[in-house]
Amino acid sequence: MPRLTPENVRRAKEIISRYPRPRSALIPLLHLAQEQDGWLTEDAMEDVAELVGVTPAQVIGTASFYEMFKMEPVGRYVINVCTNISCLLLGGETLLQHAEATLGIKPGSTTEDGLFTLEDVECVAACTEAPCLQVNYRYFYRVTNDDFDRILADLRDGDLSRDIPEHGILSRVPQRIPTGKVANITPPEDQRVPVWIERAAPDKAAAGGDEA
Amino acid sequence: MSGGPRIVSARWEIDDAWKLSRYLETGGYAGLRSALDMTPHEVHEEVRSATLLGRGGAGFPAGVKWGFCPPDVWPRYLVVNGDESEPGTYKDRILMERDPHQLIEGALICAYATGIAQVFLYVRGEMALAQERVASALNEAYEAGYIGRRILGTDFSVDVVMHWGAGAYIVGEETALIESLEGDRGMPRLKPPFFPAAKGLYMKPTIVNNVETLSNLPWILEHGSEAYTTIGSESSPGTRLFAISGHVERPGVHEVPQGVTTFRDLIYGDEYCGGIRKGHELKMFIPGGGSAPWFFPEHLDLPLEGKVVGGAGSMLGSGAIVVMDETTDAVSACWRLMRFFSRESCGECTPCREGTNWLETILRRILDGQGRPDDIDLLLDIGDNISPGPYPGPGWGAENPEPVPFPPQQTTICPLGPSAVAPLTSAIRRFRDEFEAKIAQGAAVSV
Ligand SMILES: Cc1cc2nc3c(=O)[nH]c(=O)nc-3n(C[C@H](O)[C@H](O)[C@H](O)COP(=O)(O)O)c2cc1C
Ligand code: SF4
Ligand code: FES
């Protein structure tokens, strides 16, 4: 079972350094583990636990709450068909049925070749573009059955690999805070009044204190 | 998009507005510059007099909320709510993908006014492109000195960190958002005592604002609150984004002045959605996201104003208008919404966890032809157990003018459970005969 690679441990530490409490980095670090392996392996979760200073059970406790974290291998492409209200009205269910028939699987399962996982999901914030779906969290709008077949073919042929990375990879642009530019990763213990507030001290009420 | 004033969507047609250079060319960071020329107190007052109402669902004025932070407790945090996932809602994602600097600038203005030195921008997990755009905008803004130490040569210093979620609707609720940001399961906290402004992230004062709310700030600071309040209506100044989806000719997202424009304008106006799709007519519409009680043709002329819509028994919520024509089966639509709530209940409170599940199960059996004669009253009774009515007895329905109680009574830790009941009961009240017909049909088949 893979552990986090040294490069990913370095990236993990960089992410942790942006939070006042290491544990706050837990979800981003689980994404990092999933980016590496496509799903969350036990070893990777143990590494993450160690990095943020919690127990592996706590990591599983958090990870199991969130839909995007996969505790077992999934396809290279996870296809999420939205069937919530706006998509339902314009054929989301029909699209899902077509997807089931074409792939020969039910939502929640993966094709035998390990290429596709199908999911029936809640609103993905593209309601005016219904019915819609996501492949590895990249959008396709107003999808007809023919469009669906074309998307599958293109994924199989690798024609979409530029736009759609393998499952697990979300933002391909990591945030980078240049050294020397970090202002104040502010731990809760840091009780200082911010300087620009202090300077305007006569206006202290500005900084709150209204009757709740 | 049509004529009217464009505040937050002004750059949507510019393809590369997410890049710093284009943002600057189109007036970007002017609002921050004006803010930094004022004292934090003055900035706060400007926002207060603009009556900038929260766009995340509850419509609470941002300036007032900021004032709830206790005066002598430091540090304070800002958490930007970019978890958009209310059914029918589609606007925050566009704001993050197309104009991320506008949002960042808004967050900086809020941080300056309230003495916040660290901002977390929580982007919904499923929005990969929004994450890429926000991350690259943050990188550029740090490089150019708009974020970080001594911003634009002043003594204002703040960090903005992108955080990204992992799929859970409930995390959009502000206290769950904070739990999630602390690395936990996204389960809401009880309010009181855990009002974020008093005891938020790491138990410190925390402001939680929606993406669209903050995106208004650059304009307000650049043009002044007075100019802002000339747009829209007195109780709801400014504009709002509305996503109109479903059975209209041209579904779309539009920015319109609040309180002036009506539902009819948006749904039927040629410059907006162009009416119900050809050959069909309006049956009902959801005025403000999956949690809102339904509206019907008689509500079309209400203005898009929180107060008015609230007075009529529903809410503008997250600006999500879902239009349904006569082909829509009310029972199926209810079932799909209840399935959403049942799936997304975090499980912390019994009425919500068990109740939403039962609502879904009963609606499913009605659809499957297994409905029982007393299922409708059972649905109402379960609803009443999740969030007490009054739901008058069996005769309650279309003939009975008594509206659905709204906002629903809060019986649980967060409003999710009670919110599930309101749309369902509003549908039963109106379409009880359809529910009955479905049940009778099922009985006929199974005999
Ligand atoms: C179940 C539930 C889900 C919510 N989801 C969101 C959401 O996705 N985005 C959002 O901005 N606010 C959401 N809210 C509202 C937030 O709790 C909070 O009121 C809001 O983010 C405050 O920002 P605003 O005052 O700028 O609107 C949700 C509330 C509840 C009860
Ligand atoms: S009402 Fe539902 S979603 Fe909200 S805290 Fe209770 S169980 Fe969780
Ligand atoms: S309902 Fe499908 S994207 Fe919103």
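Calculation rules
- Per-chain numbering applies: the sequence of each chain, read as written, is numbered from 1 onward.
- Each chain gets a letter, beginning with A, and each ligand a number, beginning with 1, in the order they are written.
- Where totals are concerned, whole chains, interfaces and linings use all residues; where local detail is concerned, this predicted model gives features only for residues with pLDDT of at least 70, and gives and counts side-chain atom pairs only at 80 or more.
- Where side-chain values are given, they derive from all heavy atoms of the structure, hydrogens and water being excluded.
- Proximity criterion: a residue is near a molecule or strand once any of its heavy atoms comes within 4 Å of it.
- Gly is put with the polar residues, along with every residue not named as nonpolar or charged; the nonpolar set is Ala, Val, Leu, Ile, Met, Phe, Trp, Tyr, Cys and Pro, and the charged set is Asp, Glu, Lys and Arg.
- Two N or O atoms count as a polar contact when they lie within 3.5 Å, although within protein this holds only if one can serve as hydrogen donor and the other as acceptor, and sequence-adjacent residues are included solely when both atoms are side-chain atoms.
- Per-residue and other accessible areas follow the Shrake-Rupley method at a 1.4 Å probe size, with only the shown protein chains counted as cover for residues.
- For each domain, the first and last residues come from an automatic or database assignment.
- Every residue pair with non-hydrogen atoms within 4.5 Å of one another is taken to be in contact.
- When two parts are brought into contact, each loses some accessible area as probed by a 1.4 Å sphere; the total of that loss over both is the buried area.
- Any carboxyl oxygen of Asp or Glu that lies within 4 Å of a side-chain nitrogen of Lys or Arg is treated as forming a salt bridge with it.
- When a residue's accessible area, from a 1.4 Å probe over protein chains only, is under 20% of the maximum for its type it is buried; when over 50% it is exposed; and in between it is partly exposed.
- Note on conventions: DSSP H or I runs of at least 4 residues are helices, E runs of at least 2 residues are strands, and numbering of each starts at the N terminus.
- A pair of strands is labelled paired if DSSP reports no fewer than 2 bridges between them.
- Interaxial angle, 0 to 180 degrees, is taken between N-to-C directions of lines fitted to C-alpha atoms, where a helix line uses only the stretch in contact.
- We call a set of buried Ala, Val, Leu, Ile, Met, Phe, Trp, Tyr and Cys residues a nonpolar core when their side-chain atoms join them within 4.5 Å.
- Should an angle fall under 35 degrees it is taken as roughly parallel, and over 145 as roughly antiparallel, whereas 65 to 115 is taken as roughly perpendicular and any remaining angle as oblique.
- Crossings are assigned a handedness: left-handed for a near helix turned anticlockwise from the far helix by less than a right angle, right-handed for a clockwise turn.
- Within 6.5 Å between ring centres, the rings of Phe, Tyr and Trp (the latter by its six-membered ring) count as paired, and their orientation is classed by plane angle as stacked under 30 degrees, edge-to-face over 60, tilted in between.
- For a ring to carry a charge above it, either NZ of a lysine or CZ of an arginine must fall within 6 Å of the ring centroid while also lying within 35 degrees of the normal to the ring plane.

Caption draft 1: Local environment of the site of ligand 2. In the region of ligand 2, 13 residues are neighbours, and Cys346, Glu348, Cys349, Cys352 and Cys414 of chain B sit closest. Its residues assigned to classes, the shell around ligand 2 comprises eight nonpolar, four polar and one charged.

Caption draft 2: Region of the structure containing the site of ligand 1. Residue and element names in this part refer to chain B. Close to ligand 1 lie 18 residues; Gly56, Lys65, Asn209, Asn210 and Thr213 are nearest. Interatomic distance of 3.3 Å between a backbone N/O atom of Gly172 and a nitrogen atom of ligand 1. A distance of 2.8 Å separates an oxygen atom of ligand 1 from a polar side-chain atom of Asn210. Expressed as a share of its isolated accessible area of 610 Å², the protein-covered part of ligand 1 is 89%.

Caption draft 3: Inspection of the domain arrangement of chain B at higher detail. Residue and element names in this part refer to chain B. Per the domain assignment, the segments making up chain B are domain 1 (20-225), domain 2 (239-325) and domain 3 (330-446). Opposite the 15 residues of domain 2 that make contact, domain 3 presents 14 residues. Around 1,100 Å² of area is buried between domain 2 and domain 3 when both sides are counted, 70% of it from carbon and sulfur atoms. In this structure, the connection of domain 2 to domain 3 is made through two salt bridges.

Caption draft 4: Here's a closer look at the domain arrangement of chain A. Domain annotation for chain A reports domain 1 (6-63) and domain 2 (77-157). Computed from C-alpha atoms alone, the centre-to-centre distance between domain 1 of chain A and domain 2 of chain A is 30 Å.

Caption draft 5: Region of interest: the pairing of strand E3 (residues 159-164) of chain B. Residues and elements named next belong to chain B. The element E3 is extensively covered by neighbouring structure, given that six of its six residues are classed as buried. Burial along E3 is two-sided: Asp159, Val161 and His163 and Val160, Met162 and Trp164, pointing in opposite directions, are all buried. Where strand E2 (residues 118-123) meets E3, six bridges bridge the pair, whose relative direction is parallel. Its bridge partner lying in E3, Val119 is registered against Val160.

Caption draft 6: Inspection of the sheet that holds strand E4 (residues 138-140) of chain A at higher detail. Residues and elements named next belong to chain A. Taken in spatial order, the four strands of this open sheet run E2-E1-E3-E4, and their pairing is mixed. Both edges of this open sheet fall to strand E2 (116-121) and E4, since each of them pairs with a single strand only. Put simply, the sheet's adjacent strands are angled 25° from each other on average, direction ignored. Along the sheet, helix H6 (residues 92-103) makes contact with strand E1 (77-82), E2 and strand E3 (133-135), crossing E2 at roughly 160°.

Caption draft 7: The nonpolar core, seen in detail. The biggest cluster of nonpolar side chains holds 164 residues, and the ones touching the most others in it are Leu108 and Trp294 of chain B. Ile79, Leu96, Phe148 and Ile151 of chain A belong to the second-largest nonpolar core, a separate cluster that totals 21 residues.

Caption draft 8: Region of interest: the packing of H6 of chain A against helix H7 (residues 145-157) of chain A. All names here are of chain A. Where H6 contacts H7, the axes come no closer than 10 Å and their chain directions differ by 40°. Between H6 and H7, the angle falls in the class oblique. Between H6 and H7 lies a crossing of right-handed hand. Contacts from Thr94, Leu95, His98, Ala99, Thr102 and Leu103 in H6 reach Asn145, Phe148, Asp149 and Leu152 in H7. Tallied by class, the residues present in the contact of H6 with H7 amount to five nonpolar, four polar and one charged.

Caption draft 9: Highlighting the packing of helix H2 (residues 26-37) of chain A against helix H3 (residues 42-52) of chain A. Residues and elements named next belong to chain A. It is the contact of H2 with H3, at a shortest axis distance of 10 Å, that shows an interaxial angle of 150°. Classified by the angle between their axes, H2 and H3 sit roughly antiparallel to one another. Taken as a pair, H2 and H3 cross one another with a handedness that is right-handed. Of H3, the residues touching H2 (which contributes Leu26, Leu29, Leu30, Ala33 and Asp37) are Ala44, Met45, Val48, Leu51 and Val52. Considering only residue class, the contact of H2 with H3 consists of nine nonpolar, no polar and one charged.

Caption draft 10: Expanded view of the packing of aromatic side chains. This structure, assessed with the given rule, holds 19 aromatic pairs over all chains. Each member of the aromatic cluster is reached from another via a ring pair, and the members are Tyr19 of chain A together with Tyr77, Phe120 and Tyr202 of chain B. One residue, Arg76 of chain B, lies across the ring of Trp74 of chain B, its end atom 4.1 Å from the ring centre. Above the ring of Tyr139 of chain A, the side-chain terminus of Arg93 of chain B is found at 3.6 Å from the ring centroid.

Caption draft 11: Focus on the pattern of salt bridges. Under the definition given, this model contains 47 salt bridges over all chains. Arg176 of chain A serves as the salt-bridge partner of Glu14 of chain A, at 3.8 Å between the closest nitrogen and oxygen. Of this pair, Glu14 of chain A sits in helix H1 (residues 6-16) while Arg176 of chain A is found in the loop between H7 and helix H8 (195-199), placing the two residues 162 residues apart along the sequence. Using a relative accessible area of 23% as the deciding quantity, one classes Glu14 of chain A as partly exposed. When its relative accessible area of 46% is taken as the criterion, Arg176 of chain A is described as partly exposed. In this structure, the salt-bridge partner of Arg189 of chain B is Glu182 of chain B, at a minimum N-O distance of 3.0 Å. Each member of the pair, Arg189 of chain B as well as Glu182 of chain B, is classed as buried. Among the charged side chains, a salt-bridge network with shared partners connects Glu7, Arg10, Glu14, Arg18 and Arg176 of chain A.

Caption draft 12: Representation of the sheet that holds strand E6 (residues 252-257) of chain B within the structure. Residue and element names in this part refer to chain B. Sheet architecture is open: four strands sit in the order E6-E5-E8-E7, paired in mixed fashion. The strands lining the two open edges of the sheet, one partner per strand, are E6 and strand E7 (282-286). Here the average twist between neighbouring strands, direction ignored, is 25°. Pairing analysis gives six bridges linking strand E5 (residues 239-246) to E6, with the strands arranged antiparallel. The partner of Arg240 across the bridge, within E6, is Val256.

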